[in-house]
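Spelled out from the first residue to the last, the chains are:
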Amino acid sequence: MLVLLGFAMIAVFMVLIMTKKLTPVLALIIVPTVFGLFAGAGLGIGPMVLDSMKSMTSTAALLMFAIIYFGLMIDVGLFDPLVRFILRKLGNDPAKVVLGTAILAAAVSLDGDGSTTFILTTAAMLPVYLRLKMSPVVLTCVAGLANGTMNILPWGGPTARAASALKIDVNDVFVPMVPSLIAGLVVVFVFAWLLGLQERNRLRTVAPEIWAAPGSVEEFDGGSSTGGTGGTGRFGFGRKGPGPVGGGSSVAVLERTEDLVDDRDSAMADTALDPNRRTLRPKLFWFNLGLTVAVMVTLVANIIPLPFVFMVASAIALLVNFPKVKDQGAQLIAHAPSIVAVVSMVMAAAVLTGVLNGTGMVKAMSEWLVQIIPADMGPFMAVITGVLSIPMTFFMSNDAFYFGVLPVLSETAGHYGVSAADMARASITGQPFHLQSPLVPAILLLVSLAKVELGDHHKKVLWRTAVISLVMLAVGVLTGAIGIG
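Residues numbered from 1 in each chain as written. Predicted model: local features only at pLDDT ≥ 70, side-chain atom pairs only at ≥ 80, totals over all residues. Heavy atoms only, no water.

### Side note on the overall build of the protein
Here is the rule we go by: Each helix is a run of DSSP H or I of at least 4 residues and each strand a run of E of at least 2, with the numbering of both proceeding from the N terminus. We call a residue buried when its accessible area falls under 20% of the maximum for its residue type, exposed when it is over 50%, and partly exposed in between, using a 1.4 Å probe and counting protein chains only. Here, two residues are considered to be in contact whenever any of their heavy atoms come within 4.5 Å of each other. Areas reported as accessible are Shrake-Rupley estimates using a 1.4 Å probe. Residue values count occlusion only from the protein chains shown.
Looking only at helices and strands, the protein has 23 helices and 0 strands in total. Each of the 485 residues in the protein was classed as buried or not, and the buried ones make up 54%. Across the protein, every contact between residues at least 6 apart in sequence was considered, and the portion connecting residues at least 24 apart equals 78%. Looking at the protein as shown, the accessible area adds up to about 19,700 Å², and 68% of this sits on carbon and sulfur atoms.

Pasting the structure below:
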């Protein structure tokens with residue numbers, strides 16, 4: 001009976017979320033409560049949930065203050081120089097433009113919010129892509145690759161979910177996976193460069209009147225639509241009419257770069273990277289950079305609990321950047337919607353995990369799975385979970401997978417000597433693929449902003465994200481982060 005109730009509860013939970021009949025927070029509270037009562041929990045369901053909630057408070061604190069900290073760093077302009085530097089160095093070379101897109105998306109992904117990453121990356125880079133007649137699908141592909149890979153950061157969501165579901169410290173999940181994260185980013189940058197080379201070759205073929213070899217002095221005008229008589233042409237490539245620019249090529253390149261930066265500035269007006277926003281603190285750039293580097297070093301060194309690190313860092317950043325109490329309150333309010341959405345979900349998850357464990361459902365379900373899984377496959381449960389996480393997190397939400405499926409797989413793996421930490425680490429390797437799912441609102445926002453068809457995005461991005469996920473899983477196994485029983 002407990003096995004049937006357990007699988008039924010997970011199925012109902014997943015269906016309600018995937019069909020959007022209930023929000024994740026409501027589903028996490030209502031569904032387990034109903035099934036827990038059917039399982040005979042009675043009034044004991046309250047203590048089950050509270051016991052589970054105690055183990056999630058540190059995760060909730062980490063998410064809350066990490067969102068505040070990185071949101072604050074974006075507001076005060078920490079990432080603005082990076083955006084300007086990337087655009088200045090890109091020039092008109094598609095390969096550099098695409099690689100710059102990957103670097104920018106990866107950097108902004110540090111805030112853990114996919115929607116913010118895609119808004120800022122699109123605002124900064126789409127004008128460049130359109131000006132240079134590059135395919136916006138390449139932009140969405142590279143941004144999706146970078147953000148999906150960075151999504152395993154502790155404050156990004158999946159790692160916190162895995163840690164919460166299995167009741168282990170989030171540091172124990174993330175820190176050993178740093179080599180896998182680095183390997184994943186390397187693959188992302190390789191893919192970005194190769195996509196950029198493809199765009200360079202395509203544009204030389206389809207627009208030879210506009211595109212010459214990057215850095216060549218023989219750059220031609222594609223027709224005059226913005227330039228005046230004898231001035232730069234539509235793309236600022238040189239004088240009117242075909243022919244070499246000659247000695248004026250460096251001036252033309254400079255004008256073209258300035259045009260791109262002007263486009264970028266106007267495109268980012270009224271966004272989080274608005275160059276005229278009141279929250280900018282340019283005089284405190286080096287302080288904010290040093291503080292952020294210190295936070296990252298402390299994170300990797302694992303010498304202080306992460307929630308406390310971000311609590312202190314957020315307090316220092318607020319105090320230094322916004323000394324007035326009124327401004328400090330305004331900054332906290334500005335990031336409140338993101339905080340409430342994430343933290344409420346983590347706390348509500350205590351109901352599901354509490355009922356699963358308190359009623360004995362997880363134990364009963366795992367014992368049943370042990371009976372049907374061949375014994376020789378048991379020691380490889382972590383690897384199997386990593387492979388399964390690629391398709392499963394694509395067709396279901398992270399909430400459904402981490403709070404519904406992972407605890408069952410982990411309990412089963414425990415019978416073969418595979419630890420919960422190994423299972424948690426393996427389970428997050430499918431995140432690059434997961435982020436491309438139509439169930440993820442952020443990816444729908446990305447293709448909408450770039451005016452790209454989701455099908456076109458999937459054709460270019462899915463196999464690449466599958467490769468990244470498998471590379472991260474393989475590196476995890478090779479480094480011992482993902483063990484075999």
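### Overview of the nonpolar core
The following threshold applies: Buried Ala, Val, Leu, Ile, Met, Phe, Trp, Tyr and Cys residues form a nonpolar core when they are joined through side-chain atoms within 4.5 Å.
Among the nonpolar cores identified, the biggest contains 131 residues, and Phe13, Tyr69, Phe310 and Met423 are the most heavily contacted of them. Per element, the largest residue contribution to this core is 13 residues, and it comes from helix α4 (residues 57-76). For Met423, the residues in contact, after removing those within four places along its chain, are Leu166, Met381, Ala382, Thr385, Leu406, Leu409, Ser410, Ala413 and Val418.

### Concerning a nonpolar patch on the surface
Applied cut-off: For patches, a residue must show more than 30% relative accessible area and have no salt bridge; joins then use 9 Å for like charges and 5 Å for nonpolar side chains, namely Val, Leu, Ile, Met, Phe, Trp and Tyr. Within this document, salt bridges are pairs made up of a side-chain nitrogen of Lys or Arg and a carboxyl oxygen of Asp or Glu, the two lying within 4 Å of each other.
Together, Phe287, Ile303, Ile304, Phe308, Met311, Val312, Ile316, Leu319 and Val320 make up an exposed nonpolar region whose accessible area comes to about 750 Å². If one sorts the elements of the nonpolar patch by residue count, helix α14 (residues 306-321) sits on top with 6 residues. With respect to the secondary-structure elements, Phe287 resides in helix α13 (residues 285-301). The exposure class assigned to Phe287 is partly exposed, which follows from its relative accessible area of 33%.

### Observations regarding the layout of surface pockets
What counts, and what does not: Computed over the protein atoms alone on a 1 Å grid, cavities are sets of points where a 1.4 Å probe fits but cannot get out and pockets are open sets with protein on both sides within 12 Å along at least five of seven lines; a residue lines them when it has an atom within 4 Å of a point. Grid points are joined across faces, edges and corners, and a volume is the space filled by probe spheres set on the points. All residues other than Ala, Val, Leu, Ile, Met, Phe, Trp, Tyr, Cys, Pro, Asp, Glu, Lys and Arg, Gly among them, are scored as polar; the first ten of these are nonpolar and the last four charged.
What the second largest pocket holds in volume is close to 370 Å³. What lines the second largest pocket is a set of 16 residues, among which Leu110, Met150, Leu153, Leu181 and Met296 lie closest to the centre. Taken together, the elements giving at least two residues each to the lining of the second largest pocket come down to α6 (94-108), α11 (178-206) and α13. Broken down by element, the residue count for the lining of the second largest pocket peaks at 5 residues, all from α11. A class-by-class count of the residues in the lining of the second largest pocket yields 16 nonpolar, no polar and no charged.

### Structural notes on the environment of Leu153
Relative to the helices and strands, Leu153 is located in the loop between α8 (136-150) and α9 (158-166). The sequence separation of Leu153 and Leu181 amounts to 28 residues, and the corresponding C-alpha distance is 8.8 Å. Beyond its immediate stretch of four places on either side in the chain, Leu153 contacts Ser109, Leu110, Thr159, Phe174 and Leu181.

These figures come from the coordinates and say nothing about function on their own.
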